[in-house]
Each structure stands twice: as C-alpha cells, then as structure tokens.
Amino acid sequence: MPDLVVITAELAWPFAIALAWLAGEIMHRWSGVPRISVYGLVGFAVAQAFPELYTSDSSSPVTILANVAFGLILFEFGYRINLKWLRLNPWIAVTGLVESAATFVVVYVIGHLSGMPPLTSLLLASLAMSSSPAGVLRVINEQNSAGQVTERVLHLVAINCVLAVFVYKVIVGVWVFQTSGSLGQAISHSAIELLASAVLGAVFGVLVPALLRQLGHVQRDGTVAFALAVVLLVAITHAANLSPVLATLTFGLMARHRRISFSRTERNFGAIGELLTVLLFVFAVTTLDWDRVVAGAGLAIVLLLARFVVKTSAVAVFAHVGGVTWRKGALTGVALAPMSVFVILLLEQTKSMGIVLVDELAALAAMTLLMEVLGPIFTQYALVWANETPQEEEA
C-alpha cells in the first residue's frame, strides 16, 4: 500500500502551483488585478493551512527552482537596462541614489525609534531600499506597457536593487565580524563576494553572445541558450555562495550591450518561464509565518507608508530636471512599491551563513506579505494612470 503521507508531501508543491495559477487566471479576468498578487495569497494560505508540507532549506529543489526563476527574470530585467540612456540623462541615476538613500535613512530611524537594535534596524533599512524586479517586470509584461514611466521604473528598480544588495551584504559582513571576530570572513561575505558575482555575470555576458554568434541563428536559438546559461550561472553562484541577484542582472546587462537581439515574443522565457514565475511567487510567501506577520503588522504599516511617501516624493522632486512632468515622476515613485520576492530570496541566501534574520524581523514578514499582494497592484495602476498601457490608449 502506498504511504499516504509521502504521497501528500510529494503532491504539495504541484498542487499549490496549480491552484495559484488557476486562481490567478480567474481573478485577473474577473477583476483585472495582477496575477502575481493572487499567487502570493494562495501560496500564503496553503502554507499556513499545511505548514509541515511547505518547508524548504537553501538546498531543496524548490528553493533552487525559485532561484532559477528569479535569475531568468533578473536576466531579462538587466537586458532592458540601457546604460547609454543613463549617461545621456544622469538625473535618473541621481534620482535612484537619492530615493534609495532617503528610504534607508527614514526606515532606519523608524526602526531604531521602535526599539530595534541598531544592526537589525540597518538590515531592515537596507532591504526596504529595494523594489522587486520580479514584481515590476511581471506587471510591465502583463500590461504590455511602454513609455517614459515604464522605462524610468525599470532603471530605478535596477539602481536601488544593486544598492540594496551592496548595503545588505556589507551589513551582514559586519554582523559576521561581530559574531566571529574574523575580519577576513566579514570582507569575504561583502565586497569580495559582490565583485566576484558581478565579474562572473560579466563573463557570461561576453561568452554566451560570442558563442551564439559562432553558432548563428541567434533569433531562433537565443532564448534556450540564455535560459540554460542563467540556470548554469545560478547553480555556480549558489554553490560558491555568491550573489545570483547581481550575477544574473549583470549577465543580462552585458548581453544587451553585446548586441544580441531578444525579441518581445520571448519575454518571460515562454511557457517554462511562466510556470517558474508561478512557483517563485508561491514560494516567496511560504517562508512567512502568520504569527510573525501579525506581530509585525503595526510597525510594518508605518514603515511601508514611510517607504511609499519617501520613494514617491524623491522621484517626483527630480521629475522636471529628469525630463518628465511632476505627475509622471510621482507615478514612477508609486510603481516602485513591490519588494517581496527580492527580499525573501536575499534572506534565503543568507541562511546558508547560519544567519536567520526573518525570526528577528517580524515587521519585515508583514511588509513582505503586504507588498506581495498590494505592490503589483500599485505598479499596475501607476502604469495605467500614466497612459502607458494598450487598454488605456484604446479608451
């Protein structure tokens, strides 16, 4: 007789992914909300209903697949970043630096005033700087949006994510130094790790396009080649304890500037990319615990409001010098709301060092859940109000 417990455990993730996909399709067609918001709700619900079935560590197949899914999104995200545009309009880079720094300072002050230890407040502030490239890019592709707000959102997300990874790794390095007393170990988990990740991504960004040119038929074979390269890159960074976030983002950035075409029909890496996206957004919230979410809800709401106001205001302040209206600047800031998936995977990678930060950051758990659901909705409405979606144009 088959073991019912074993069968149930093996079916848990396929069931959650299928249920999330179906619920996402139904809710999107009924109400127009982004599918990924529904994926998060379903993932959180099944994880709370059956917590023993949705446990995973850094080496589990589900965690690795989630990192691959995030890597594919980050590659595509990096591919859409135009460094030439940043050189021609440096105010975009200035905006990204200012809004990230302002968010860091405000969140740190609020966390410190609430009674958090200084190092914990610093970690929370570094994570709050970021916006989720997965959430933003998914909404942009789903809405098929294009225009000034869309491009500014993409570039600002890239800037504040790179800054968030750098600051977060440095703070974690300080944490390691305080607990181990080894300055060399602390440095290896910060600057050296980030540099190695960026160099590895750049190497892939040079070698893969060169290989495709030698093979020919770039348009036909490019998607599969890039996807396999991302899988290999994520596996290498995972094994070497490097940053897959920075590596895959750099890979996409380099591939774009090596003049390899990546057509619109290949966005999201086709059906496999869509499937992995569902898994990613379901996985992100299964790491959260209801008790932590409730315990941190009050502080989370304050922090999210502060983060929202700071990002929106900072982007709006630089709107005119950056070449857009104040209204479009404010909408760009609103669209930066998502942060959940980026934060979760960054925390999961830190677990390999023996540092479990989610337990100490109850407010972060609540922020993650709220932004998993609400963040994509903010981005969607910002793009619609900016008149950058086909639906709005047709109206």
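Up top is the structure these notes are about.
Residues numbered from 1 in each chain as written. Predicted model: local features only at pLDDT ≥ 70, side-chain atom pairs only at ≥ 80, totals over all residues. Heavy atoms only, no water.

Peer 1: What is the right way to read the nonpolar core from this model?
Peer 2: Most often, soluble globular proteins have nonpolar side chains that are buried together. Counting residues in each nonpolar core, the largest one holds 117 residues, and the members touching the most others are Phe 70, Phe 251 and Leu 280. Sequence-distant contacts of Phe 251, that is, excluding residues within four places in its chain, are made with Phe 75, Gly 201, Phe 204, Gly 205, Val 208, Phe 226, Ala 229, Val 230 and Leu 233. (Core = buried A, V, L, I, M, F, W, Y, C linked by side-chain atoms within 4.5 Å. Buried < 20%, exposed > 50% of the residue type's maximum accessible area, 1.4 Å probe, protein only. Contact = heavy atoms within 4.5 Å.)

Peer 1: How should I be thinking about the packing of helix H2 (residues 35-49) against helix H7 (residues 133-143) in this particular structure?
Peer 2: Viewed as axis vectors pointing N to C, H2 and H7 meet at an angle of 130°, and their least axial separation amounts to 9 Å. One element, H2, and the other, H7, form an angle in the oblique class. Across from Arg 35, Ile 36 and Tyr 39 in H2, the residues of H7 making contact are Gly 135, Arg 138, Val 139 and Glu 142. Its residues assigned to classes, the contact of H2 with H7 shows three nonpolar, one polar and three charged. (Axes fitted to C-alpha atoms, helices over the stretch in contact; angles between N-to-C directions. Helix = DSSP H or I, 4+ residues; strand = E, 2+ residues; numbered from the N terminus. Parallel < 35°, antiparallel > 145°, perpendicular 65-115°, else oblique. Nonpolar A, V, L, I, M, F, W, Y, C, P; charged D, E, K, R; others polar.)

Peer 1: Looking at this structure, how should I read the environment of Leu 279?
Peer 2: Mapped onto the elements of the fold, Leu 279 is located in helix H13 (residues 270-286). On a C-alpha basis, the gap between Leu 279 and Val 62 in space is 8.2 Å, while along the polypeptide they are 217 residues apart. If we skip the residues at most four places from it in the chain, Leu 279 touches Ile 17, Val 62, Leu 65 and Ala 66.

Peer 1: Any chance you could explain the side chain of Ser 131 here in plain terms?
Peer 2: Summarising the element assignment, Ser 131 is placed in the loop between helix H6 (118-128) and H7. Reaching out from Ser 131, the side chain makes a polar contact with the backbone oxygen of Leu 336 at a distance of 2.6 Å. Those residues in contact with Ser 131 that lie beyond four places of it in its chain are Val 157, Asn 160, Cys 161, Arg 307, Lys 311, Leu 336, Pro 338 and Met 339. (Polar contact = N/O pair within 3.5 Å; in protein donor to acceptor, adjacent residues only side chain to side chain.)

Peer 1: Looking at this model, I keep getting lost on the pattern of salt bridges. Mind explaining?
Peer 2: On inspection of all chains with the given rule, the structure shows seven salt bridges. Its salt-bridge partner being Arg 138, residue Glu 274 comes within 2.6 Å of it at the nearest N-O pair. Residue Glu 274 is found in helix H13, and its partner Arg 138 is found in helix H7; the two are separated by 136 residues along the sequence. Overall, Arg 138 belongs to the buried group, its relative accessible area being 8%. Between Lys 169 and Glu 193 there is a salt bridge; the shortest N-O distance is 2.9 Å. One end of the pair, Lys 169, is in helix H8 (residues 148-180); the other, Glu 193, is in helix H10 (residues 191-215), and 24 residues separate them in sequence. We note that Lys 169, like Glu 193, is buried. Overlapping salt bridges, with partners in common, bring together Glu 25, Arg 29, Arg 35 and Glu 142 in one network. (Salt bridge = Lys/Arg side-chain N within 4 Å of Asp/Glu carboxyl O.)

None of the figures reported here should be taken as evidence of function without further support.
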